[in-house]
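Per-entry structural report
Listed below, chain by chain, are the residues.
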Amino acid sequence: MSMNTQGRPTGIGTAATGMSSTGSALLPNEPLLFEIGDTEHSGVDLPDAQVDGSFLGGFERKTPLDLAGLTEPEAMRHYVRLSRLNHSIDSGMYPLGSCTMKHNPRLNEKMARLPGFADIHPLQPVSTVQGALELMNQLSHWLMTLTNTAAVALSPKAGAHGELLGMMAIKAAQEARGQGHRKVVLVPESAHGTNPATAAFLGYSVKAVPARADGTVDVEAVKAALSPDVAAIMLTNPNTCGLFEPQVLEIAAAIHQAGAFFYCDGANFNAIMGVVRPGDLGIDAMHINLHKTFSTPHGGGGPGAGPVVLSEALAPFAPVPFVRRNGNALELVEHVEGQALGRVTAFHGQMGMYVRALTYMLSHGADGLRQAAEDAVLNANYIKARLGEVFSVPYPDYPTMHEALFDDSFLEGTGVTTLDFAKALIDEGFHPMTMYFPLVVHGAMLVEPTESESKQTLDHFCDVMAELAEDAKNGNRERFTAAPQRAPRRRLDETRAARQPILRWERPMVVPQAAE
Ligand SMILES: *Cc1c(COP(=O)(O)O)cnc(C)c1O
């Protein structure tokens with residue numbers, strides 16, 4: 001074995017070969033990096049540093065770093081093998097409702113790797129990053145134009161984070177009007193959990209607005225819930241049942257008349273982008289998930305980005321930092337001016353995602369974005385039409401928008417649960433749909449194909465879904481309760497994994513070996 005200049009053996013260590021512990025390259029039971037490598041070996045061979053003394057003023061580390069020394073191929077194989085243990089949008093259809101798991105175009109990745117975007121630092125002088133600021137400026141322009149709003153805050157790092165910022169702006173605006181006593185936020189029953197959580201986090205009490213039997217929100221129910229204590233409504237449109245709220249204009253008018261603001265959860269913007277401008281519907285604040293509608297990676301690939309657009313009334317409360325034109329140059333406003341809120345993130349948010357999202361916008365153009373939305377809606381309606389004969393459709397009255405909602409009544413008496421059914425879908429090569437959400441539908445199954453899927457893929461998906469339903473009804477319970485059989489892992493205790501995650505690796509005790 002060769003040694004590096006510090007006398008540590010290089011290359012693949014003796015402790016582990018970097019091979020999977022099952023010995024099979026195809027179904028690896030992937031060990032951790034610390035189990036593959038060890039601290040005795042080094043993956044690199046650097047000469048000793050030729051420096052006299054240290055520049056660290058006594059802060060240099062005295063103990064070994066204790067990191068596994070791996071070669072580049074060992075590290076690479078580890079991550080590639082891990083990536084194969086999971087489903088991804090690059091490996092198959094991912095119809096997870098409300099999550100808009102669309103294809104992440106490679107052009108986005110190419111643009112994000114341009115050195116002028118990838119290799120800059122947020123603390124560089126603004127005169128050296130004018131191109132990056134111009135990109136943020138253009139992205140803001142597109143978001144404001146698509147939504148017909150007066151301002152945008154780019155920096156929130158997820159939809160939920162954007163919701164928080166939007167509601168903070170609403171709270172600040174109410175206080176500025178001397179209406180800080182308004183302590184109630186209306187949230188329809190069908191809302192995503194992040195809506196009531198956001199309102200509660202800001203100290204509001206949440207008042208639920210019941211859903212109508214047809215899955216939409218009734219303006220009369222909103223009016224009945226309104227009072228001088230209401231600060232805002234948080235409404236999702238299209239809603240989480242995949243329906244466009246038919247009374248959204250009347251709801252907006254009633255809300256404004258009562259002195260409240262209209263927060264719109266815009267996670268489902270993919271259904272209406274380029275077709276409807278939410279500003280025309282009377283919204284005051286709305287987050288837009290770049291990682292949903294605008295094709296930036298998510299579901300393990302992140303990070304997310306949830307810019308918030310704001311109406312004229314809320315624009316003064318947009319947080320810092322923001323980009324502003326100053327003569328020929330762009331400047332970054334980093335200190336609170338007027339009523340602006342402070343920072344909600346370190347630096348400026350997810351620059352790499354801004355590049356990908358603007359690339360998606362520019363490569364589609366205005367007409368292309370509209371077509372993407374129309375295709376997403378068409379695909380969802382195709383699934384609803386094809387599977388509506390096999391599955392039960394809870395809200396048949398309206399055409400669906402970007403997602404098709406089914407309930408579990410077709411499983412009655414089969415002994416198969418919605419969860420079992422979803423697990424069986426994994427064995428067929430699909431990521432399961434969203435289950436048990438929205439809560440207003442018993443055993444909900446929410447399918448969102450997005451515009452990315454071809455008719456061929458949709459047909460294959462529908463065939464598989466129909467065949468599974470048939471098999472469940474025919475009493476082949478085992479196929480469902482034992483699923484997944486073809487995934488790297490069987491049924492997991494998901495509750496325990498969420499409640500008691502093991503996030504820390506403990507070095508196993510070294511048992512002294514007897515002398516030979
Ligand atoms: C995804 C989603 C959110 C939250 O977005 P995150 O980026 O996951 O925080 C909120 N509301 C709805 C309807 C969503 O689908």
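Residues numbered from 1 in each chain as written. Predicted model: local features only at pLDDT ≥ 70, side-chain atom pairs only at ≥ 80, totals over all residues. Heavy atoms only, no water.

Our focus in this paragraph is the pattern of salt bridges. A full pass over the atoms with the stated rule returns 22 salt bridges. Salt-bridge contacts for Arg 343 lead to Glu 334; the nearest nitrogen and oxygen are separated by 2.5 Å. When its relative accessible area of 37% is taken as the criterion, Arg 343 is described as partly exposed. On the accessibility criterion, Glu 334 (31% relative accessible area) is partly exposed. Note that Glu 467 and Arg 479 form a salt bridge whose closest N and O atoms lie 3.0 Å from each other. Taken together, the residues span a long stretch of sequence, with Glu 467 in helix 12 (residues 455-473) and Arg 479 in helix 13 (residues 478-481) at a distance of twelve residues. Look at the salt bridges and you will find they share partners, linking Arg 386, Lys 455, Asp 459 and Asp 463 into a network. (Salt bridge = Lys/Arg side-chain N within 4 Å of Asp/Glu carboxyl O. Buried < 20%, exposed > 50% of the residue type's maximum accessible area, 1.4 Å probe, protein only. Helix = DSSP H or I, 4+ residues; strand = E, 2+ residues; numbered from the N terminus.)

The next point concerns the UniProt feature "domain: Aminotransferase class V" (unreviewed entry) in the protein chain. When the UniProt feature table is mapped to this numbering, "domain: Aminotransferase class V" (unreviewed entry) covers residues 181-299. Secondary structure within residues 181-299 divides into 21% helix and 21% strand; the distance between the first and last C-alpha atoms comes to 39 Å. (UniProt positions renumbered as here; feature names shortened; annotations may be inferred.)

Now for the UniProt feature "domain: Glycine dehydrogenase C-terminal" (unreviewed entry) in the protein chain. Those places that UniProt annotates as "domain: Glycine dehydrogenase C-terminal" (unreviewed entry) correspond, in this numbering, to residues 372-478. Helix makes up 43% of residues 372-478 and strand 7%. Its end C-alpha atoms lie 40 Å apart.

Moving on, we get to the packing of helix 10 (residues 351-387) against helix 12. The description of two packed helices rests on the angle between their axes and on the distance between the axes. The contact between helix 10 and helix 12 brings their axes to 10 Å, and the two run at 30°. Taken together, the axis directions place helix 10 and helix 12 in an arrangement best described as roughly parallel. The way helix 10 lies across helix 12 gives a crossing that is right-handed. Residues Asn 379, Tyr 382, Ile 383, Arg 386 and Leu 387 of helix 10 form the contact with helix 12, whose own contacting residues are Lys 455, Leu 458, Asp 459, Phe 461, Cys 462, Asp 463, Met 465 and Ala 466. Looking at the contact of helix 10 with helix 12, its residues break down into eight nonpolar, one polar and four charged. (Axes fitted to C-alpha atoms, helices over the stretch in contact; angles between N-to-C directions. Parallel < 35°, antiparallel > 145°, perpendicular 65-115°, else oblique. Left-handed = near helix turned anticlockwise from the far one by under 90°. Contact = heavy atoms within 4.5 Å. Nonpolar A, V, L, I, M, F, W, Y, C, P; charged D, E, K, R; others polar.)

Here we come to the sheet that holds strand 4 (residues 230-236). On the basis of which strands lie adjacent, the open sheet formed by seven strands has the order 1-7-6-5-4-2-3 and mixed pairing. The sheet is open, and its two edges are formed by strand 1 (151-153) and strand 3 (205-209), each paired on a single side. The mean inter-strand angle of the sheet, taken between neighbouring strand axes irrespective of direction, is 20°. Here strand 6 (residues 285-287) runs beside strand 7 (residues 308-310); their pairing, made up of three bridges, is antiparallel. From the neighbouring strand, Met 286 faces strand 7, where its bridge partner is Val 309. Contacting strand 1, strand 2 (184-188), strand 4, strand 5 (261-265), strand 6 and strand 7, helix 6 (residues 159-176) crosses the sheet at an angle of about 175° to strand 5. Its contacts with the sheet place helix 7 (residues 194-201) against strand 2, strand 3, strand 4 and strand 5, and it is angled at close to 160° to strand 4. (Pairing = 2+ DSSP bridges.)

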